[in-house]
Amino acid sequence: MQKVPSIVLNNGKKIPQLGLGTWGSPPGEVTRAVKEAIDLGYRHIDCAFVYGNEQEVGEGLAAKIADGTVKRDDVFVTSKLWNTFHSRHLVRPALEASLKNLGLEQLDLYLIHWPMGYQEGGDIFPKDADEKTLFSDVDYIETWKGMEDCLKAGLTRSIGLSNFNIRQVERVLASATVKPVMNQIEYHPYLHDKELSQFCRSKGIEITGYSPLGSPARPWVKSDDPVLLEEPKVVEVAKRCGKTVAQVLIRWQLQLGHITIPKSTNTKRIQENFDVFDFELSQQDMDDLSSLHRNERFVPMTMCAGHKYHSFENNEFKD
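Residues numbered from 1 in each chain as written. Predicted model: local features only at pLDDT ≥ 70, side-chain atom pairs only at ≥ 80, totals over all residues. Heavy atoms only, no water.

Novice: I'm lost on the UniProt feature "active site" (unreviewed entry) in the protein chain in this one. Help?
Specialist: Per the UniProt annotation, the sites labelled "active site" (unreviewed entry) are Tyr51. Secondary-structure assignment places Tyr51 in the loop between β4 (44-46) and α2 (54-66). Residue classification places Tyr51 among the buried residues on the basis of a relative accessible area of 19%. In this view, Tyr51 contacts Thr22, Trp23, Asp46, Lys80 and His113; residues no more than four positions away in its chain are not counted. (UniProt positions renumbered as here; feature names shortened; annotations may be inferred. Helix = DSSP H or I, 4+ residues; strand = E, 2+ residues; numbered from the N terminus. Buried < 20%, exposed > 50% of the residue type's maximum accessible area, 1.4 Å probe, protein only. Contact = heavy atoms within 4.5 Å.)

Novice: Honestly, the UniProt feature "binding site: substrate" (unreviewed entry) in the protein chain in this entry has me stumped. Any pointers?
Specialist: Within the UniProt annotation, "binding site: substrate" (unreviewed entry) is assigned to His113. Among the structural elements, His113 can be located in the loop between β6 (109-112) and β7 (117-118). Ignoring anything within four residues of it in the chain, the contact list for His113 reads Ala48, Val50, Tyr51, Lys80, Leu81, Trp82, Asn83, Ser162 and Asn163.

Novice: Got a minute to help me understand the sheet that holds β4 in this structure?
Specialist: The pairing of strands in a sheet comes from backbone hydrogen bonds and takes either a parallel or an antiparallel form. Spatially, β3-β4-β5-β6-β9-β10-β11-β12 is the arrangement adopted by the eight strands of the open sheet, whose pairing is parallel. In this open sheet, the two strands that pair with only one neighbour each are β3 (20-21) and β12 (259-260). With two bridges connecting them, β3 and β4 associate as parallel partners. Residue pairing for β4: Leu20 is matched across the bridge by Ile45. (Pairing = 2+ DSSP bridges.)

Novice: Got a minute to help me understand the packing of aromatic side chains in this structure?
Specialist: How two aromatic rings sit relative to each other is given by the distance of their centres and the angle of their planes. Applying the stated criterion to the full structure yields 10 aromatic pairs. With centroids separated by 5.1 Å and ring planes inclined at 75°, the aromatic side chains of Tyr140 and Tyr309 adopt a geometry described as edge-to-face. Taken as a pair, Tyr140 in helix α4 (residues 140-152) and Tyr309 in the segment after α10 (283-290) lie far apart in primary sequence, 169 residues in all. Note on Tyr140: relative accessible area 0%, which makes it buried. Across the ring face of Phe279, the terminal group of Arg251 is positioned such that the distance to the ring centre comes to 5.9 Å. (Phe/Tyr/Trp six-rings, centres within 6.5 Å; stacked < 30°, edge-to-face > 60°. Lys NZ or Arg CZ within 6 Å of the ring centre and 35° of its normal.)

Novice: What is the right way to read unusual backbone geometry from this model?
Specialist: The phi torsion of most residues other than glycine is negative, and most of the peptide bonds are trans. Backbone geometry at Glu131 places phi at a positive 70°, although glycine is not the residue there. Of note, Glu131 is situated in the loop between β7 and β8 (135-136). On the basis of relative accessibility, which here comes to 56%, the residue Glu131 falls in the exposed class. In the Ramachandran plot, Ser211 falls in the positive-phi region, its phi being about 55° despite a non-glycine side chain. Turning to its location among the elements, Ser211 is positioned in the loop between β11 (206-210) and α7 (232-241). Among the residues examined, Ser211 registers a relative accessible area of 10% and is labelled buried.

Novice: Where do I start with the layout of surface pockets in this structure?
Specialist: Picture a little ball the size of a water molecule; that probe, rolled over the atoms, points out where space is still empty. As a volume, the largest pocket reaches approximately 920 Å³. Taken together, 41 residues line the largest pocket, and the ones lying closest to its centre are Trp23, Gly24, Ser211, Ser215 and Arg218. In terms of residue count, the dominant contributor to the lining of the largest pocket is helix α9 (residues 267-274) (three residues). Broken down by class, the residue content of the lining of the largest pocket amounts to 22 nonpolar, 14 polar and five charged. Approximately 380 Å³ is the volume found for the second largest pocket. What lines the second largest pocket is a set of 18 residues, and nearest its centre among them are Lys3, Ser6, Pro16, Arg43 and Asp74. Of the residues forming the lining of the second largest pocket, the biggest block, three residues, is contributed by strand β2 (residues 14-16). (1 Å grid on protein atoms, 1.4 Å probe; cavity = no way out; pocket = protein on both sides within 12 Å on 5 of 7 lines; lining within 4 Å. Points joined across faces, edges and corners; volume = space filled by probe spheres on them. Nonpolar A, V, L, I, M, F, W, Y, C, P; charged D, E, K, R; others polar.)

Novice: Please explain the pattern of salt bridges as it appears in this structure.
Specialist: Oppositely charged side chains can form a pair if their charged atoms are brought close together. Considering all chains together, one arrives at 20 salt bridges under this definition. Here Arg32 makes a salt bridge to Glu36, at a shortest N to O gap of 3.0 Å. Of this pair, Arg32 and Glu36 both sit in helix α1 (residues 30-40), four residues apart, roughly one helical turn. Glu36 sits in the partly exposed class, given a relative accessible area of 21%. The residue Glu316 makes a salt bridge to Arg171 at a minimum N-O spacing of 3.3 Å. Of this pair, Glu316 sits in the segment after α10 while Arg171 sits in helix α5 (residues 166-175), placing them 145 residues apart in sequence. On the basis of relative accessibility, which here comes to 16%, the residue Glu316 falls in the buried class. When salt bridges that share partners are traced, they join Arg72, Asp73, Asp108 and Arg157 into one network. (Salt bridge = Lys/Arg side-chain N within 4 Å of Asp/Glu carboxyl O.)

Novice: What am I meant to see in the nonpolar core here?
Specialist: Side chains of a nonpolar character, in soluble globular proteins, are inclined to be buried together. Core analysis: the biggest nonpolar cluster contains 81 residues, and Val77, Leu107, Tyr110, Met147, Val234, Leu281 and Leu289 have the highest contact counts within it. With seven residues, the single largest contributor to this core is helix α8 (residues 245-255). Setting aside chain neighbours within four positions, we find Leu289 in contact with Pro189, Val234, Val237, Val248, Trp252 and Leu281. By size, the runner-up hydrophobic cluster in this structure holds nine residues, among which are Ile7, Ile15, Val181 and Met182. (Core = buried A, V, L, I, M, F, W, Y, C linked by side-chain atoms within 4.5 Å.)

Novice: Would you take a moment to explain the environment of Phe135 for this structure?
Specialist: Along the polypeptide, Phe135 turns up in strand β8. For the pair Phe135 and Asn163, spaced 28 residues apart in sequence, the C-alpha to C-alpha distance is 17 Å. Not counting residues up to four positions away in its chain, the partners in contact with Phe135 are Gly117, Tyr118, Gln119, Met303, Cys304, Ala305, Gly306 and His307.

This is how it looks when you write it as structure tokens:
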């Protein structure tokens with residue numbers, strides 16, 4: 001069985017560089033996918049409260065602990081704080097709800113899912129009569145204090161961010177008692193945000209790249225959207241390497257020094273996505289893939305347009 005390399009976080013904890021993503025995994029398939037992934041050698045599972053499948057993830061993990069395949073400490077489990085729980089007093093109860101769903105006493109990593117808060121105390125996707133998302137203006141600096149509370153309480157071993165831009169990371173760092181260990185962001189050759197990646201890593205904050213394959217199953221996909229898995233340059237690199245397109249895209253991310261979390265519930269693809277440690281991309285291959293950058297987001301969060309803290313709009317830093 002292949003052993004996945006680990007990256008040491010700024011607090012000394014280790015995270016496996018490759019994990020199983022669970023966003024969009026269909027109900028009824030997640031438990032099996034988690035069990036198969038662990039059997040194959042995955043030791044990192046990425047979850048979030050809003051995905052609605054943490055309980056199934058927990059059932060898969062519990063089954064593999066019960067049958068002796070792994071111990072709890074063998075598997076790195078990440079979850080994320082949803083946008084409707086940004087007030088400081090709501091952060092711990094939200095984390096405790098995820099722990100209950102997962103059947104765990106402690107997470108390895110807890111992230112603020114987005115810097116943008118939603119109206120609290122109701123639906124997780126609160127909307128007005130015109131179907132517009134209802135916002136909260138809770139500052140993510142307050143949210144971060146709640147994350148630090150959870151760390152001090154021992155409910156998670158590490159805390160971090162997700163979808164934060166450079167200036168937002170700077171604001172967190174300026175007020176934090178505990179430095180974030182991670183910024184999980186969309187990352188693939190169409191969105192090769194070198195500036196954000198290099199900035200975070202210069203501050204000791206690692207990058208997890210999500211949607212490494214271009215998120216082809218995203219619910220809002222349109223017929224004329226670009227398809228990363230069919231991009232001619234990526235196909236050409238895959239042919240040169242004798243690997244699949246997906247394997248090449250995952251390998252590119254790993255060689256950038258990122259953690260990455262491709263999602264699948266398909267047995268063959270879970271295996272394929274894991275078989276990326278027996279080859280290396282040449283510098284030419286890396287350059288060819290990096291040259292595809294076009295600032296293309298597959299997860300643009302358009303429902304948050306106009307939010308003061310929308311990380312892709314920078315509204316909070318405008319005059």
